[in-house]
Amino acid sequence: MFVGRDSYLTRLSHEFGRVRQEQRGRFVLLRGRRRVGKSRLVEEFLRRERPSALYFTASKQSADRELQLFAEALAESDLPASRLVASGTSVGSWEAALNLIAASPVDGEPAVLVIDELPYLLEGDRALEGTLQKVWDRHLQERPILLIVIGSDLSIMEALTEYGRPLYGRPTTVMTVRPFSPLEFSEMLQLPPRDALDAYVVLGGLPFLARSWARGDDIWTFLERELANPSSPLVIDGERILNAEFPTSIHPRRVLTSIGAGETTFAAMGRAAGIQATSLTRALDALIDGKNVVAVDQPLCGKASTSRLKRYRISDPYLRFWLTFVAPSLSEIERERGHIVLQRIRSRWSDYRGRAIEPVIRESVEMMLPDVRLDDALHVGGYWNRTDQEVDLVLSREPTSPTAVVGAGSIKWRERKPFSRGDRDDLARAVALIPGASKKTKLVGVSATGFASTGLDVELGPEDLVKAWGKP
């Protein structure tokens, strides 16, 4: 079953239509985190359009072996060039292979060439980037061919189109495929909004993991089954992701482990990971800017924030859950003691979910904006200070401090108890301490279980949060 991704499919179909109409090549650069569904998206596009196509996936082998596998895939494809390769035409280099595809007749019908995991090919053949640029400029762009290049290493894929690189200015469109939104997740799993959000803080919107969710599952049925199976995607995918992203990097792995253990500040992470400040800074740069695995938050308020108040978190909900609960328990899971791990998760679930849901809710609320109930707010963050004063939601006009505080809110993601009048009064007292807040600052409540008589300006429940992702 293929769910969602309509906007991505529309863009791919548009590019393909341009190739058909103009009889000239188009170049799509498609990037996104591992397991986010990039390959499945392109496969669905090919299934719907049914063009002549070659889909090649690199597999991190030697340069010669990759070229050999590409030639074999070309021979088995339905591109016109396949007949030449099958009849013995030699493919001695990437330039020869790509030129062969460009030179073969296509009878006016557009063809599609997909190269999946290009960064793997570049590891073994640095010259391939320049070769691809040369063949595109001289031949491929003159032919009715849609070239789709896919990659999971975000830092490499982003660097490919930087000024001075061979492929600068070549792609006609760049697409970043993101994890499923909570709305798509709810539709795929056929869950009501609250249950979908609970599942989201475990699986993180990754389609491959969501396919393990059986109809009728709740979070505990799902976890009991998956933790009992040492080879389940829930158990093994975290290690696969980390091995692919950081095959030889020790420090980033240590930093991620420390964040998974609950550390959120620079100093605490350094102590937990046993890393000096300089090495920790380099590791964080790789995790934040290079891999987009870690996010850094600063207080949002009416005065300039200091770097000392930064907090670090794992940006992917699944990886956060895996590092917190699964990674430390792998030996138990492998000994088929998943029930022990499940008990551990149950005992910590309320506190864990309360924190893990906060960034999801902030992003959901931001998706609602602009909203007439919240005046001219366009951005959402949180506020905290050195004295442990904390406000879950801060709504503002600008994305960074200093900014006027348009609204402020409290998140109560509890099993049964609704958002109460006492919760509202606690929020009002906390808001009064936020720099930039005023009597005009709207009070916002977010609750998993509804609201008692509160006097809030805005009340948001699971339905509102999930629905926000469908806003045009």
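Worth saying up front: this structure is predicted, and the values here are computed from it rather than measured. (Residues numbered from 1 in each chain as written. Predicted model: local features only at pLDDT ≥ 70, side-chain atom pairs only at ≥ 80, totals over all residues. Heavy atoms only, no water.)

(A) Inspection of helix H9 (residues 182-189) at higher detail. The buried fraction of H9 is high, at six of eight residues. Three or more residues of H9 are buried, namely Pro 182, Glu 184, Phe 185, Ser 186, Met 188 and Leu 189. Close packing links the buried residues of H9 with helix H10 (193-203), helix H11 (207-210), helix H19 (338-368) and helix H21 (462-467). One or two steps after H9, the chain reaches Gln 190, where phi turns positive at roughly 55°. (Buried < 20%, exposed > 50% of the residue type's maximum accessible area, 1.4 Å probe, protein only. Helix = DSSP H or I, 4+ residues; strand = E, 2+ residues; numbered from the N terminus. Contact = heavy atoms within 4.5 Å.)

(B) Seen up close, the packing of helix H1 (residues 6-22) against helix H2 (residues 38-49). Packing of H1 against H2 leaves a shortest axis separation of 10 Å and a crossing angle of 55°. With respect to H2, the element H1 is oriented oblique. Here the hand of the crossing between H1 and H2 comes out right-handed. Contacts from Tyr 8, Leu 9, Leu 12, Ser 13 and Phe 16 of H1 reach H2 at Leu 41, Glu 44, Phe 45, Arg 48 and Glu 49. Its residues assigned to classes, the contact of H1 with H2 comprises six nonpolar, one polar and three charged. (Axes fitted to C-alpha atoms, helices over the stretch in contact; angles between N-to-C directions. Parallel < 35°, antiparallel > 145°, perpendicular 65-115°, else oblique. Left-handed = near helix turned anticlockwise from the far one by under 90°. Nonpolar A, V, L, I, M, F, W, Y, C, P; charged D, E, K, R; others polar.)

(C) Seen up close, the sheet that holds strand S3 (residues 111-116). Sheet architecture is open: five strands sit in the order S2-S3-S4-S1-S5, paired in parallel fashion. Edge strands, defined here as strands with exactly one partner in the open sheet, are strand S2 (52-57) and strand S5 (173-176). Looking at each pair of strands side by side, their axes are set apart by 15° on average, direction ignored. Bridging between strand S1 (residues 26-31) and strand S4 (residues 145-151) involves six bridges; their strand directions are parallel. Across the sheet, residue Arg 26 finds its bridge partner in S4, namely Leu 146. Its contacts with the sheet put H1 on S1, S3, S4 and S5, and the angle it makes with S5 is roughly 160°. (Pairing = 2+ DSSP bridges.)

Shape descriptors only; they carry no functional weight alone.
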